[in-house]
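Structural characterization, general
One letter stands for each residue in the lines below.
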Amino acid sequence: MEFAMASDKPLVCVVYLGGTLVNDKDGSVSYTGGEAHLTDVDRDMTFHQFKMEVAEMHGGDVSGLTFKYPLPTNKKTLITISNDKDLRRMVDMNRDTASPEIYVLTKGAVPLPTPIPCNVERPNKLSVYWETAITGVGQLFKDVHDFRESLRKYAIAKNFGYKFVQNDRGRVTAKCKGEGCPWRIHASRVSTTKIIKVRVFKDVHTCDRIFGTQSHPPHVTRFWIADAVKKKLQEIPDYKVSDIVKDIYNEYGLKINYSQAWRGKETAREQLLGKDVDFYKQLPRYCEKLIETNPGSIAALATTNEERFHRLFVSFRACIHGFEHGCRPLLFLDGTSLKSKYGGTLLIAASLDGNDEIFPVAFAVVEQEEYVSWHWFLVQLKSALSSSRPLTFISDRHKGLQEAVPLVFEDSTHAFCLRYLTRDLKKEMKTYPKEVKDVVVELFFAAARACRKDEFVACIDSIRSVSPEAATWIMGVEPERWANLFFKGSRYNQMASNVIEFIDGWITKACDFPVLKLVEAIRSEIVELFRARLEASDKWNTRLTAKAEEKMRREIDRAPLLSVSVSSALVFEVIDDHTNIVDLEKSDCTCLNWKVMGLPCRHLIASLNCIGRDAYDYCERYFLSDYYKLTYTESINPVLDVDSISSVSNAETVVDSYPNVELPKIHRQRGRPKKRRVELHDTEKRTFLCGKCKEPVPMASDTPLVCVVHLGGSLVSDKDGSISYTGGEAHLTDVDRGMTFEEFKAEIAEMHCGDISGLSFKYVLPTNRRTLITISNTKDLRRMVDINRETPSPEIYVLAKGIVPLNAAPETNNTPSRITTNTIVELPTPTPLACDRPNKLSVLWDNEITGVGQLFMDVHEFREALRKYAIAKNFGYRLVKNNRTSVTAKCKGDGCSWRIHASRVSTTKVIKIKVFKDVHTCNRVIGTQSHPHVTRFWIANMIKKKLHESPDYKVSDIVKDIDRDYGLKLKYKQAWRGMETAREQLLGKDVDFYKQLPRYCEKLIETNPGSIAALSTTAEDRFHRLFVSFHACIRGFECGCRPLVFLDRTPLKSKYGGVLLVAASVDGNDEIFPIAFAVVEEEDYDSWHWFLLQLRSALSSPIPLTFVSDRSNGLKEAVSQVFENSEHAYCLRHLTRSLKKEMRTSSKEVKDVLVELFLSAARARRKDEFVACIENMRSVSPEAATWVMCFQPELWANLFFKGMRYNQLSSNVIEFIDGWISKACDFPVLKLMEVIRSEIAQLICARLEDASKWNTSLTPRAEEKLHKEINCASLLSVSVSSASVFEVVDEHSNIVDLEKSECTCLNWKLTGVPCRHAIASLSFIGRNAYDFCEKYFTSDHYRLTYSETINPVLDMDSISSISNIEMVDDSYPKVELPKAHRTPGRPKKRRIEPIDLDKRTFLCGICKGPGHNKKTCKALVL
């Protein structure tokens, strides 16, 4: 059977004839007038067949007509179709274009009518709130201020302005501002009180002075604006003034100016944060308190002669201590501008810790970045540092920095950051195209990293061959400041810094705060940073930090492949691609990597292996885990309560007791502050060089370049000097790097239909359209391909030598032509419709309806074009008449004259516009409101790309993005339908995937023999259940895992609902091992029973199993029925969650105590411990103790459990699986299964690879447990009871029976690894404890667990093809879609509150209570 490919589908094209082409202001070509027809064009159609199709539409001879089309990405250029190859290229170019257009050229251009702008008046939402602020005569107000405020609100709500005739403390009289308007109000005091009463209220307007959507300058105050934006400003501190203007208009229909919005924002900010003046007055006190609460810290404050704030330097003692004890002698210096109204710059000094993470050392706020500021900053920094070790500074090439660093730090070295150098290099090469710049930048980075002189020289020579100016500039920037080869200091391979990006993440929401609040924000972030990193380092069990260990391991793995020869006692010769000399005495290797990195290189490690030394002893101390922890041992204490700073008492105290600090002068540079000062560059990206010539290896794509070839016209120079082409014809041709110049000329000769010996071929650079480049040989042609690799449809001009315009062949047809050779008609500029926001759709769809005579294939095409046109022009319409033969529509605006009528042409299906009155006289413009004509297909096209990149794209984000980008406000339901449509277009139709399920199950068993795939359907042939268990999982469980199975489930988020059931175990290294999974309709007894039956059929081993699960309905009964000899335990995580729900009326502290006691009871190894825990629970909450004991302790307590659960009290199976399916849980079942299969395959490969590196008899975690017990065993007292029975005494007397592999402490039984008492007994008789470990913990059994592989099943991308569907229908059982079913509400992302069950609760030895020991037990006092 032959499979139909997507690319073989015919292209539905719109063929225009009888109209004219016009040139818009932006130079793009569009079509007006004439008729339009639809036709199907595919790659197999010949040019002759196409002309016959057009002849049938035209109803006449087409021998003299020409056929042209615009490029999808370039509407300014028309491409000519003159042969079969041109027609095929048109199909390929427009494969992703909806309804591409083909123009059959005829004469006659009918100008489009100019649309009349519509006036827009939006409803005033304030009328809902404030229209009753004034109700009538007799209304009372608290005082005159209350009355004036109510009058202001009333005027805004009713959209009119007023002026005061009389306005004092006792009386207020106001009248409308409209000339001659009778509206008037008068209010005065009630006797001697302050109460104001309305005496006169004539609420009638006869004026035309209505504000409408205009601003109310006299009545809209900054306080009202502040109240309106305060909440959002608190949520979004970087709320823009321009957004406030838009939001006030959108919400209330009021147009306020920028100044009003700014004042309102400042008022709201002051109300939220306090007054700036209070914060600046507190600075001296803050500095004093900072040093007092954090002894050893530095806080230096400088003021001007006018006592205004000037500079502030801060370095915390914790940062100073961390840098001097745990960080490399490396400091990054950088600055970022602040966005507050007082301006200023934040200067930063930072280093790197042993894990290559940014470590802040000091920061300062100064007036601007200059020499004086940097010198002051460095002087303060030097006073803060007590260490005398020489430092390396890395920064940009700021002139002040270059002068200040050597003056303050005399013995330091100063390097340039490559990120800044590449920015400057690109500026120097501004005339070069982007592709050339990228090549030069990559070569520059390769030169900077080069560790050998020949590599460095080769890179510079390559740069010189591309751009001599760039090479000269680079070598003029002192290579000893940026090249590893020549740098005298030690920069630890830190070529660039992301300090500013790191700090920006902290101060994004605080960079326009007063200085004190900014410093507090940074302090808070540093505190959190220290806490998080110290906590993360506590989990490390390696000598080096995580990243250093990774680098070290990479070098260790490569070292055995090298050849080593001994030159002397401490000098070795190591050969890889080069000969490298390693000198252990000098700590040096000629590859320079040891010096550059601070870690042993592979050559050093190979040398150390020869003499039996440990490579870790040669790592610099900064990379050791202990030094990393030392970096973060100090803490930073709070300084002041910033929220109380604006109180009057505080301000007065500061004025009396501390030096006065006034506000700095307001200073902002022109323009918007830059959010990112440096263009980011991937400094870690390696440039691969040729081993012989040192040239960079080209990575360009081998796909051919589709070029536009212009001939028959002439070149013209535009006002800006750029060159463009006018007249003639345009063709498409494919050019790749393998094409020769002669082959290219043969292509041109076929287009030109004549001799081309006197022609020349030229093109312009992508970024410089002023210069023509000549193509005269194959090398020139190849360069043209390389330099235009990223350019869509590059243009090639065919010119007569001497730049003489070519003459196109004369037209012989007498039919009027649509466009002349050198003349393009320009449309008059249309008057835009009134709209608040720019509508990008107008660029796409404003020519969908062009005028009377326009043709459409059928009524559906006309309706679609009308819909697009209405969206683009921002108006709504209603259909007056709408049937198969005719459509009449008119604007929805009352009394609007806009109207269109189209009907069939004789007996055909073609629709022709007969009447088109394109003039609006209404005020009804959709603007930013939701548009009734926006369909889900259009929404799908707009969001498809982003949905592909971000599968968890939210519907609410779609609504926001469409509003922001296109000015259209969608409803949630519209956006959801659009997302579903886009998802279907990207992933395929759900129905296709469900139809493929029988085939998938068959292929799964075929490609993975021994696997189980069971599919169940309903009586209606709808999908019901699917069970899958791979042979690799079954064998791994039976050969290497403990007889322990966790059962759990997670709901799926697809529109069909469903639940994913999972069975998993734990391997010998205590890691989750998946066994089987299934998708069922819901979690109930029937589903679990079916799942367990399938699981039993998959398992061949008769070993009794232990199941661990929650208390789901039907699960307990199903387990006991299907696995009769099994044991069933409850997961403590689920039980603790239920316990907390049961105790919902108790406080959190009480709940936590009860949970700890419950977990202690579950872990208890002795009956007295268990009873003590339960009794303590009963003393805290009798209900909780009763509830716990109701659940059969033999199902959850170690002491009473009859089976073997290997101390696995709970499971994190679902959290583990959720990491796999987080982005696939709303996919069709088949795609979900493929995602899980892929994840399991990767898991098996990764764990097997890790296990291959182990050299211990047990797995790492088992080895760790055993060693812990061995260390404790030596302290115990052992006495012999019999040949295999021993008595071991610690806090209790423990009986060890080696024959039964038991100990009364129960640890041996619970863990499967000998306890300390058993080890002491074995040591006593000279036996090895390793021989008594269960087989599941050995490394060999672990490798056996992951010895099988999982093979691919089906190609998911081909599922939705028509041929596949037909094959499934004919050969396999029918499977229909399940019924769409979603439970109410948002699906939960996490079903179970995580609880740290591994945390042990230590009990008192006397009363058995938690939280204290024997010494502090109150029972002793009693």
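What this report covers is the structure whose coordinates are included nearby. All values derive from a computational prediction rather than experimental measurement.

Some details on the sheet that holds strand β38 (residues 1059-1066)
Strand order in the open sheet made by the 7 strands is β35-β36-β39-β38-β37-β40-β41, with mixed pairing throughout. The sheet terminates laterally at β35 (1012-1017) and β41 (1127-1130), the two strands that pair on one side only. Sheet twist, expressed as the average angle between the axes of neighbouring strands with direction ignored, equals 20 degrees. Two elements, strand β40 (residues 1106-1109) and β41, share 4 bridges in a ladder whose sense is parallel. Its bridge partner being in β41, F1107 is matched across the sheet by H1128. Each of β35 and β36 (1023-1029) touches helix α32 (residues 997-1007); the most contacted strand, β35, lies at about 165 degrees to it.

Description of the environment of S1274
Tracing the sequence through the fold places S1274 in the loop between α42 (1260-1273) and β42 (1277-1280). Each C-alpha atom, one on S1274 and one on R1316, is 8.5 Å from the other, the two residues being 42 residues apart in sequence. One polar contact links the side chain of S1274 to the main-chain carbonyl oxygen of N1271, over a distance of 3.4 Å.

Focus on the pairing of β35
With 6 bridges connecting them, β35 and β36 associate as antiparallel partners. The residue of β36 that forms the bridge with A1014 is F1027. Between the antiparallel neighbours β35 and β36 lie 5 residues, among them D1021 with a positive phi of about 65 degrees.

What to know about the pattern of salt bridges
Scanning the entire structure with this criterion turns up 45 salt bridges. Among the ionic pairs, K289 bridges to E292, the shortest N-O distance being 3.9 Å. A residue pair is termed a helical-turn pair when its members lie 3 or 4 positions apart in one helix, as K289 and E292 do in helix α9 (residues 283-293) at 3 residues. Taking the relative accessible area as the measure of exposure, K289 reaches 23% and is therefore partly exposed. We note a salt bridge from E478 to R481, for which the minimum N-O separation is 4.0 Å. The network of salt bridges with common partners includes K85, D86, R89 and E747.

Some remarks on the pairing of strand β15 (residues 330-337)
Across the 8 residues of β15, 7 count as buried, placing the element largely inside the fold. As judged from the 3 bridges shared by β15 and strand β18 (residues 392-395), these two strands associate in the parallel manner. By the bridge assignment, L330 is partnered in β18 with T392. Note that β15 and strand β16 (residues 345-352) share 6 bridges and pair antiparallel. Opposite T336, over in β16, you have L346 as the bridge partner.

Points about the packing of aromatic side chains
In the structure shown here, the tally under the stated rule is 47 aromatic pairs. Aromatic pair W1088 and F1091: ring centres 5.7 Å apart, planes at 85 degrees, arrangement edge-to-face. With W1088 and F1091 both in helix α34 (residues 1085-1098), this residue pair falls 3 residues apart, about one helical turn. Across this residue pair, the class does not change: W1088 and F1091 are buried. Each residue in the set F359, F530, W540, Y628 and Y632 is aromatic and connected to the rest through ring pairs, giving one cluster. Directly above the aromatic system of Y492 lies the positively charged group of R328, at a separation of 5.5 Å from the ring centroid. Directly above the ring of F323 sits R389, whose terminal nitrogen or CZ lies 4.8 Å from the centroid.

Remarks on the side chain of D396
Looking at where D396 falls in the secondary structure, it is placed in the loop between β18 and α12 (399-408). Taking the relative accessible area as the measure of exposure, D396 reaches 9% and is therefore buried. Not counting residues up to four positions away in its chain, the partners in contact with D396 are E369, L401, F416 and Y420.

With respect to helix α38 (residues 1167-1180)
The end-to-end C-alpha separation of α38 is 20 Å, in line with the 20 Å expected for 14 residues at 1.5 Å each. Among the residues making up α38, those that are buried are F1170, A1172, C1173, I1174, N1176 and M1177.

Rules used throughout
Residues numbered from 1 in each chain as written. Predicted model: local features only at pLDDT ≥ 70, side-chain atom pairs only at ≥ 80, totals over all residues. Heavy atoms only, no water. Pairing = 2+ DSSP bridges. Helix = DSSP H or I, 4+ residues; strand = E, 2+ residues; numbered from the N terminus. Axes fitted to C-alpha atoms, helices over the stretch in contact; angles between N-to-C directions. Contact = heavy atoms within 4.5 Å. Polar contact = N/O pair within 3.5 Å; in protein donor to acceptor, adjacent residues only side chain to side chain. Salt bridge = Lys/Arg side-chain N within 4 Å of Asp/Glu carboxyl O. Buried < 20%, exposed > 50% of the residue type's maximum accessible area, 1.4 Å probe, protein only. Phe/Tyr/Trp six-rings, centres within 6.5 Å; stacked < 30°, edge-to-face > 60°. Lys NZ or Arg CZ within 6 Å of the ring centre and 35° of its normal. Expected span 1.5 Å × (residues − 1).

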